[in-house]
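# Geometric and topological summary
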Amino acid sequence: MPNRLPRRAVIGLALLSLVAVEPAAAQQSAVCNADKLPSMIEGFFQLTTALGIVGLAVVWQANSLIDMFTLSPEQKKGLKRHKRSALKSTVVLVVLGPLYTVAGSMMSLPLAQCVDLVPW
């Protein structure tokens, strides 16, 4: 009996997702049919990408400045980790839009057909 409960939950969740996703699938072209919504999404993505790049520059310079005044090796390691984390976040931010645009058009996703998320 305990083995049937997870199986029933998975089957129930799958059926619920099929029923719940169908109305959303019928409205997929709503974003593309809106007048200014695709350009607003593109502008928002370009703005957040630009702010992320500027944020990386600020964090990188601030960490370099703080690094000049730190004495202990543990603090220097922490600053190095912080720089690496900021760089990884910015790379993800910059790569995510073009990746979605390319992958979305290959998979025929409706949002990728009318919204270009390449930030440059």
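On average, the protein scores 77 in pLDDT, and the residues at 70 or more come to 74%. Per-residue pLDDT, averaged within each element of the protein, yields its smallest value for helix α1 (residues 4-26) (54) and its largest for helix α3 (residues 37-69) (87).

With their axes 10 Å apart at the nearest point, α3 and helix α4 (residues 73-106) run at an angle of 165° to one another. Taken together, the axes of α3 and α4 lie roughly antiparallel to each other. Between α3 and α4 the crossing geometry is left-handed. Touching Phe 45, Thr 48, Thr 49, Gly 52, Ile 53, Leu 56, Val 59, Trp 60, Asn 63, Ser 64, Ile 66 and Asp 67 of α3 are Lys 76, Leu 79, His 82, Lys 83, Ala 86, Leu 87, Thr 90, Leu 93, Val 94 and Gly 97, all from α4. Residues belonging to the contact of α3 with α4 are distributed by class as follows: 11 nonpolar, 8 polar and 3 charged.

Counted at 1.5 Å a residue, the expected span for α3 with its 33 residues is 48 Å, and the 48 Å between its end C-alpha atoms agrees. Along α3, the residues that are buried comprise Pro 38, Phe 45, Thr 49, Gly 52, Leu 56 and Asn 63. Looking at the buried residues of α3, the elements they touch are α2 (30-33), α4 and α5 (110-114).

Time to look at a nonpolar patch on the surface. Where nonpolar side chains cluster on the molecular surface, the patch consists of Trp 60, Leu 87, Val 91, Val 95 and Leu 99 and spans about 430 Å² of accessible area. At 4 residues, α4 tops the list of elements feeding residues into the nonpolar patch. Residue classification places Trp 60 among the partly exposed residues on the basis of a relative accessible area of 33%.

Conventions adopted
- Residues numbered from 1 in each chain as written.
- Predicted model: local features only at pLDDT ≥ 70, side-chain atom pairs only at ≥ 80, totals over all residues.
- Heavy atoms only, no water.
- pLDDT = per-residue confidence, 0-100.
- Helix = DSSP H or I, 4+ residues; strand = E, 2+ residues; numbered from the N terminus.
- Axes fitted to C-alpha atoms, helices over the stretch in contact; angles between N-to-C directions.
- Parallel < 35°, antiparallel > 145°, perpendicular 65-115°, else oblique.
- Left-handed = near helix turned anticlockwise from the far one by under 90°.
- Contact = heavy atoms within 4.5 Å.
- Nonpolar A, V, L, I, M, F, W, Y, C, P; charged D, E, K, R; others polar.
- Expected span 1.5 Å × (residues − 1).
- Buried < 20%, exposed > 50% of the residue type's maximum accessible area, 1.4 Å probe, protein only.
- Patch = residues over 30% accessible without salt bridge, like charges linked within 9 Å, V, L, I, M, F, W, Y side chains within 5 Å.
- Areas by Shrake-Rupley, 256 points an atom, 1.4 Å probe, with all protein chains shown as cover.
- Salt bridge = Lys/Arg side-chain N within 4 Å of Asp/Glu carboxyl O.

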